[in-house]
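This is what each chain is made of:
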Amino acid sequence: MLVGIDLGTTNSAVAIWRDGAPQLVPNALGKELTPSAVSIAKGGQTWVGEAALDRMATHPADTVTSFKRMMGTAATVTLAGTTLTPEDLSAMVLRSLADDVEAFTGERPTAAVITVPAYFNERQRRATRRAGEIAGLEVKRLINEPTAAALAFGLTDRGDREPFLVFDLGGGTFDVSIVEMFEGIVEVRASAGDNRLGGDDFDDILVKLVEPMLAGGDALAVMPTDRRRALMMLAAERTRRALSSAEAADFTVVVDDTPLTARVTTEAFEEAAAGLVKRLRDPVIRALRDCHIDVKTLSDIVLVGGATRMPVVRKALTRMFGRFPNATVHPDHAVALGAAIQAGLLSGGDGLEEIRITDVAPFTLGVDTATRDQHGRMHDGIFAPIIERNTPVPVSRMERFYTLADNQREIGLGIYQGEARDVKHNVKLGEISAPVPPRPAGEVMVEVRFTYDTSGLLEVDVTVPATGLTRNLVIVDEEDRRSKKDIEARRKLLEKLKVHPRDEAENVAMLARAERAYEGFTGHVREFIGRALTEFQGALEKQDPRIIADAREALGNLLDQLDANSPL
Ligand code: ADP
Ligand code: MG
């Protein structure tokens, strides 16, 4: 079975194509969003999703989130002695989503359409493919998140449309795309973004804002840094959500039984967030400029991503576009639903054959060259674009380059992706070289052809007309060959981890919730929760599902009551 997956920085979701419509699949807790979080205890005990996030406050060093931001880098994370790559961590989330699909449909998914930010470069896309393979899913296609959102949006209203803008602000990435739909073709005209901007950054500034305001902050200052940061970021996220529907909210952390509180007003938060809000403009302008579309001709502004729920963001958008954004698609579900539509398209789903997607190259692709200045000095490492960003794909372009030295025997070119003039600020994808006949400088020419297709594969051909020689390079080659063995090894490693059985997820979540409540109180209430916890653990040991379910319900009711009496 082929499924559609939104592998998000903060939250992930999986959807399937069923009975002519995309459908989200709930996780073991009955929720449609699964936090992209992993936690490992000594001995290999492993939690993924909500349960992992719950361990963040108590075991920050063993818990990791936002690892999508590390995709495509060599960074690793060590949790309780196990060293994992960002691909491994993503694979664990993917596997947990596959488990949910299996529990929901009775069938194990074997293949997936996975979404990535339009702004992801080649390396990040390759890392995402690898994550899928480690999780045992054949990655049939990677599609851009805004394209997926546009598919979900377009499906609700099949008519042709003027270009519209998809504005996706998630936990860690920001994407803007201009999309058009006509005669069953979904065309992404341009995309731009910032893969270092999202809700997390708003949490950061909120932490900075309240730190000096927290009375009794000394207790915080002596806390281990990682624990303090985890506590503060979790509290910031809660406060920020509260601020989405209230004029003011309390930022509270409990340190050594003492609650520290600071009141934050919408006004203060919005003032502190002004710098981040300003950063939302640039990608919008760049996307509009790249496709030569006037902001006035946009028919809709479609909001995607949890962080677009923030009033400060909505206000900024209303100012920016001079109108209110469209609210017909669910900001949290659109991307996964779109991925399922793409999955439906690939497996020939009913009623879908008439939709086609055309996409653009998200980055400029080119080679490094050298030039001489007016004094005859050579400057190398200068980027020469061949395929400009936001060119519709598939595309094939050719440029000519000349030898720079007398009797040069070879022309070697580095292949880069990015926008900077100095290639060292761009992403190097590979190298290609070709022997050339020895002649005076500038007399031998090579033709370099770049061909880029919808699956994100770049093919490079170099031809030397003087000799008729041709060299061809498909950019994924080297790394892919290396990674095949690697993928097996990673899969084996992950198999050693004892992931919590899916049917225990609710119990784990309830335990974590009760433990959090225990930490949040003192005195009698705390003792009371402690006893209830012990009782629940006793029930778990009986291993009788009915007893466990009853005990879980009782504990849940008790915690609900405490929540209802909370001063916040
Ligand atoms: P991603 O695509 O990065 O996985 P999501 O689209 O799920 O992320 O968005 C997650 C972000 O949305 C988080 O920063 C979260 O705090 C924020 N968010 C979700 N709901 C709200 C809300 N009601 N108010 C403010 N922020 C919210
Ligand atoms: Mg997202």
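Residues numbered from 1 in each chain as written. Chains lettered and ligands numbered in written order. Predicted model: local features only at pLDDT ≥ 70, side-chain atom pairs only at ≥ 80, totals over all residues. Heavy atoms only, no water.

Asker: I tried to follow the environment of valine 210 on my own but got confused; where do I start?
Answerer: Here valine 210 lies in helix H5 (residues 199-210). Sequence separation of valine 210 and glutamate 138 is 72 residues, and the distance between their C-alpha atoms is 46 Å. Excluding residues within four positions of it along the chain, valine 210 makes contact with Met232, Phe251, Ala262 and Val264. (Helix = DSSP H or I, 4+ residues; strand = E, 2+ residues; numbered from the N terminus. Contact = heavy atoms within 4.5 Å.)

Asker: Teacher, can you tell me more about the pairing of strand E10 (residues 111-116) here?
Answerer: On a regular strand, each side chain points to the face opposite its neighbour's, so the side chains alternate between the two faces of the sheet. By the criterion of burial, E10 is predominantly enclosed, with 6 of the 6 residues buried. On E10, burial covers both faces: Ala111, Val113 and Thr115 on one face and Ala112, Ile114 and Val116 on the other are all buried. Examined bridge by bridge, strand E1 (residues 2-7) and E10 share 5 bridges and lie parallel to one another. Across the sheet, aspartate 6 pairs through a bridge with threonine 115, a residue of E10. Here 6 bridges tie E10 to strand E11 (residues 138-144), and the two strands are oriented parallel to one another. Bridging across to E11, valine 116 finds its partner in asparagine 144. As a crossover connection, the stretch from E10 through helix H3 (residues 122-134) into E11 is right-handed. (Buried < 20%, exposed > 50% of the residue type's maximum accessible area, 1.4 Å probe, protein only. Pairing = 2+ DSSP bridges. Right-handed = clockwise from strand over helix to strand, strands pointing away.)

Asker: Honestly, the sheet that holds strand E20 (residues 378-387) in this entry has me stumped. Any pointers?
Answerer: If you trace the 4 strands from one edge of the open sheet to the other, you get E20-E19-E23-E24, paired in antiparallel fashion. The strands lining the two open edges of the sheet, one partner per strand, are E20 and strand E24 (427-435). Neighbour-to-neighbour, the strand axes of the sheet open up by a mean angle of 35°, direction not taken into account. (Axes fitted to C-alpha atoms, helices over the stretch in contact; angles between N-to-C directions.)

Asker: Looking at this structure, I do not really get helix H16 (residues 545-564). What am I missing?
Answerer: Structural remark: α-helix, 3.6 residues per turn; residues separated by three or four positions point the same way. For H16, spanning 20 residues, the distance from its first C-alpha to its last is 28 Å, which sits close to the expected 28 Å at 1.5 Å a residue. Those residues of H16 lying buried are Ile548, Ala551, Arg552, Leu555, Gly556, Leu558, Leu559 and Leu562. The arc enclosing the buried residues of H16, seen along the axis, measures out at 165°, which places them on a common side. In H16, the exposed positions that point more than 90 degrees away from the buried face belong to Arg546, Glu553, Gln561 and Ala564. The N-cap residue of H16 is aspartate 544: its side-chain oxygen and the backbone nitrogen of arginine 546 are 2.8 Å apart. (Expected span 1.5 Å × (residues − 1). Arc of directions from axis to C-beta. Polar contact = N/O pair within 3.5 Å; in protein donor to acceptor, adjacent residues only side chain to side chain.)

Asker: For this particular structure, what's the right way to read the side chain of arginine 526?
Answerer: Among the structural elements, arginine 526 can be located in helix H15 (residues 523-542). Classification of arginine 526 as buried rests on a relative accessible area of 17%. Other than its neighbours up to four places away in sequence, arginine 526 contacts Asp257, Tyr518, Glu519 and Phe521.

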